Amino acid sequence: MKLSARQRESWVRVLVVIALLPTVALANYFSLLAGEGTPHNSSNTDDHGYTTPNGTVLKFTSVDIEDSGLDREYPHTYSEENRDLTLQFAAGLAAGDIDDDGDIDLYVVGGNTIPNALYLNNGNGTFSDVAEDKGVGMLHWGSGPAFGDIDSDGDLDLFVGAVESDPIYVFDNQLSDALGTFVDITADSGITLHAKNTISATMSDYDRDGWIDVFLTHWGEVRFELSDTETVWRNEGGGLFSNASNRSHISTSILDLNTDWSYTANLFDIDNDDDHDLLLVSDFNTSQVLKNYDGKNFYRITDRAVIKDQAGMGAAVGDYDNDGDFDWFVSSIYDLPLGGNWIGNRLYENDGSGGFTDITLEAQVEDGNWGWGACTQDFDNDGYLDIFHVNGWFELPKYRGVSSKFFLNLGDKTFESIASKIGIDDTEQGRALACFDADRDGDIDIVVVNVSARHIVYYRNDSENLGNSLTIKLRGAGLNTFGIGAKVQVTTEHGTQLRQLGGSNNYASHNPHEVHFGLGSATKVDVLVEWPDREHSVTELSSVDANQVLTIAQPGESGLRLSVRFGDGDGLYSAGDVVEIAA
């Protein structure tokens, strides 16, 4: 956020007040700043589109609510009299195949007077809300939901964060059981929070024991020296969590100030040592890079001369230059053309060993207005990752009425901003998003969650002359049933591309647990999967056909296990165990 010299003095004073009086409303501060086969779609869009260097006519259709079924409304209206800070950024979206039918379902939160929505995908990119029937239609100030298999039984369970001290939730997925619903297991999960706000949740197995852990962000939470940040929740087995923030050294590593300003956590192996390091996007110049040492401890290696996003909010981690490592895009605030001091989004290029260089200006991705949720996908299937992000801020007129940003990767470490040319025209207050193939036609669509009307925007990718593609899902043999954290490479005559499955967050939202590759003209690929286990197991496939959704199973025993929640013992049983059950 832009601060004049006088406002910076006010900011220092406010920090002091907050440190002494943690119950002071942060909104008072912000008021100071106001002034399985995949045939392609045929196009039914209006006359828009942008012809890319490879000949694709890239264009999106904003699908009507009546056609998509994504009909949830945002229940609050911003006004000068109603400036509650939470309604300005609290919302969220989780994407995943919760019923294992092959397509991607959505869970949407935001506002506290309309129930959360669970949209089942009907198989054709249209959706039906079943939240009430499935037990997850709560009323609360929800934020940052996340899907992940926390009990290793082969389906996606659900964590839902919240703001303004509203309750968070942990649900066990029992859709395939006789009950046919999600079951609230919050009280038995071990996750108890003192933080007022839980903005985002990221599922990742940081210690590589097979159990999926949870990383939480708590923007605005006042912390004092040596206090617990409640960031890392280690899965002790079966979905029982313990707070590992102190023993992992996270608590002492993420704070530059006495307040936790974290928004978005991503867990990626940035230095190619097989551990998932923490890229933590935070507000007020406090984003951090933390190296993971063998799943035991995290240590800060942030180079403040490079990591200089001023108001980090969303993130998109990916190999933008196809050089075999993960780069880091951070959304932020930009107003330099208006005479301001906000330098905008940042793109940090990885040198392969976890060191970053700021290449934003060369890449031409700085202008994002007031950026929030971001994703990276290959939208034109040319073999290079593009960037999409939403934006907006109620308080200042210059951040209202601006459409989302779309940066097309030109393949030479530069991007072109083309949102207005391809049908990206929503000018509402964007916050969360997911980028995935909603209709299984081989290209990437976009779903946006706004904290204004129109609440949910669904952009269907109706591009013409797209390249070929391949979507890969994983089935782990051990406890990590979805292969969260696995590296997947595909190689064609055009080169090699790298993705990581899961462990990612866009801002209060995430993409589904699958990876998408644009292949250009290639029709066959070689695939290499590096599984996220301590045995460093790999799977290699040769001459795989393009234009399909491929599920790759890890060799070994099935990772599915029986989990008993009530009774004696730890309740965990492996395949082959004989269990006496007495009723």
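Caption draft 1: Examining the overall build of the protein more closely. Within the protein one finds 7 helices and 42 strands. Of the roughly 21100 Å² of accessible surface on the protein, 49% is carried by carbon and sulfur atoms.

Caption draft 2: Just the sheet that holds strand S28 (residues 405-409), in detail. Taken in spatial order, the 4 strands make up an open sheet running S26-S27-S28-S29, and their pairing is antiparallel. Looking along the sheet, the strands with just one partner apiece sit at the ends: strand S26 (371-377) and strand S29 (415-417). Averaged over all adjacent pairs, the angle separating strand axes in this sheet is 20 degrees, with direction ignored. In the sheet, S28 pairs with S29 via 3 bridges, with the strands oriented antiparallel. Residue pairing across strands places Asn 409 opposite Phe 415, the latter belonging to S29.

Caption draft 3: Focus on the pattern of salt bridges. Overall, the coordinates contain 25 salt bridges when judged by the stated rule. The salt bridge partner of Glu 236 is Arg 247, with a shortest N-O separation of 3.1 Å. Of this pair, Glu 236 sits in the loop between strand S15 (232-235) and strand S16 (241-243) while Arg 247 sits in the loop between S16 and strand S17 (259-260), placing them 11 residues apart in sequence. Judged by relative accessible area, Glu 236 falls into the partly exposed class, the value being 39%. By relative accessible area, which is 45% here, Arg 247 ends up partly exposed. Its salt-bridge partner being Asp 273, residue Lys 291 comes within 2.8 Å of it at the nearest N-O pair. Note that Lys 291 is positioned in strand S20 (residues 288-293) and Asp 273 in the loop between strand S18 (262-268) and strand S19 (277-282), a separation of 18 residues in sequence. When its relative accessible area of 28% is taken as the criterion, Asp 273 is described as partly exposed. Through salt bridges with shared partners, a single network forms among Asp 207, Asp 209, Arg 234, Glu 236 and Arg 247.

Caption draft 4: Here's a closer look at a negative patch on the surface. A cluster of acidic residues, Asp 71, Glu 73, Asp 129, Glu 132 and Asp 133, forms a negative patch at the surface. Mapped onto the fold, Asp 133 is located in helix H5 (residues 131-134).

Caption draft 5: Structural context of the packing of aromatic side chains. Evaluation of the coordinates by the stated rule reveals 26 aromatic pairs. Relative to Phe 326, the ring of Phe 268 has its centre 5.0 Å away and its plane inclined at 70 degrees; by these criteria the two rings are edge-to-face. Pair noted here: Phe 268 is in strand S18 and Phe 326 is in the loop between strand S22 (315-318) and strand S23 (327-330), with a separation of 58 residues, a long-range link. You can call Phe 268 buried: its relative accessible area is 3%. Judged by its relative accessible area of 2%, Phe 326 falls in the buried class. An angle of 25 degrees between the planes, with centres 6.0 Å apart, marks the rings of Trp 372 and Trp 393 as stacked. Of this pair, Trp 372 sits in strand S26 while Trp 393 sits in the loop between strand S27 (386-391) and S28, and the two are 21 residues apart along the sequence. Given the relative accessible area of 3%, Trp 393 is considered buried.

Caption draft 6: Local environment of the state of the cysteines. What the rule picks out here adds up to 1 disulfide. Each sulfur in the disulfide pair Cys 375 and Cys 435 lies 2.0 Å from the other. As the torsion about the S-S bond is roughly -80 degrees, the Cys 375-Cys 435 disulfide counts as left-handed. Of the two residues, Cys 375 sits in strand S26 while Cys 435 sits in strand S30 (residues 430-436), which places them 60 residues apart along the sequence. The buried category is assigned to Cys 375, whose relative accessible area is 0%.

Caption draft 7: Representation of the pairing of strand S12 (residues 201-204) in the model. Because side chains alternate across S12, one face comprises the buried residues Ala 201 and Met 203, and the other comprises Thr 202 and Ser 204, equally buried. The pairing of S12 with strand S13 (residues 213-216) spans 4 bridges and is antiparallel. Across the sheet, Met 203 pairs through a bridge with Val 214, a residue of S13.

Caption draft 8: Summary view of the pairing of strand S24 (residues 346-350). Burial of S24 is extensive: 5 of the 5 residues sit out of reach of the surface. Across the two faces of S24 the burial is the same, with Arg 346, Tyr 348 and Asn 350 and Leu 347 and Glu 349 all buried. With 3 bridges joining them, S24 and strand S25 (residues 356-358) adopt antiparallel strand pairing. By the bridge assignment for S25, Glu 349 is matched with Thr 357. Taken together, S24 and the strand that follows it, S25, pair antiparallel across an intervening segment of 5 residues, in which Gly 352 is found at a positive phi of about 100 degrees.

Caption draft 9: Spatial organisation of the environment of Gly 324. Following the sequence through the fold, Gly 324 ends up in the loop between S22 and S23. Residue classification places Gly 324 among the partly exposed positions, given a relative accessible area of 36%. In this structure, the C-alpha to C-alpha distance between Gly 324 and Arg 499, residues 175 residues apart in sequence, is 9.1 Å. Aside from chain neighbours lying at most four places away, what touches Gly 324 is Asn 272, Asp 319 and Leu 498.

Rules and cut-offs
Residues numbered from 1 in each chain as written. Predicted model: local features only at pLDDT ≥ 70, side-chain atom pairs only at ≥ 80, totals over all residues. Heavy atoms only, no water. Helix = DSSP H or I, 4+ residues; strand = E, 2+ residues; numbered from the N terminus. Areas by Shrake-Rupley, 256 points an atom, 1.4 Å probe, with all protein chains shown as cover. Pairing = 2+ DSSP bridges. Axes fitted to C-alpha atoms, helices over the stretch in contact; angles between N-to-C directions. Salt bridge = Lys/Arg side-chain N within 4 Å of Asp/Glu carboxyl O. Buried < 20%, exposed > 50% of the residue type's maximum accessible area, 1.4 Å probe, protein only. Patch = residues over 30% accessible without salt bridge, like charges linked within 9 Å, V, L, I, M, F, W, Y side chains within 5 Å. Lys, Arg positive; Asp, Glu negative; His and termini not counted. Charge placed at Lys NZ, Arg CZ, Asp CG, Glu CD. Phe/Tyr/Trp six-rings, centres within 6.5 Å; stacked < 30°, edge-to-face > 60°. Disulfide = S-S within 2.5 Å. Contact = heavy atoms within 4.5 Å.

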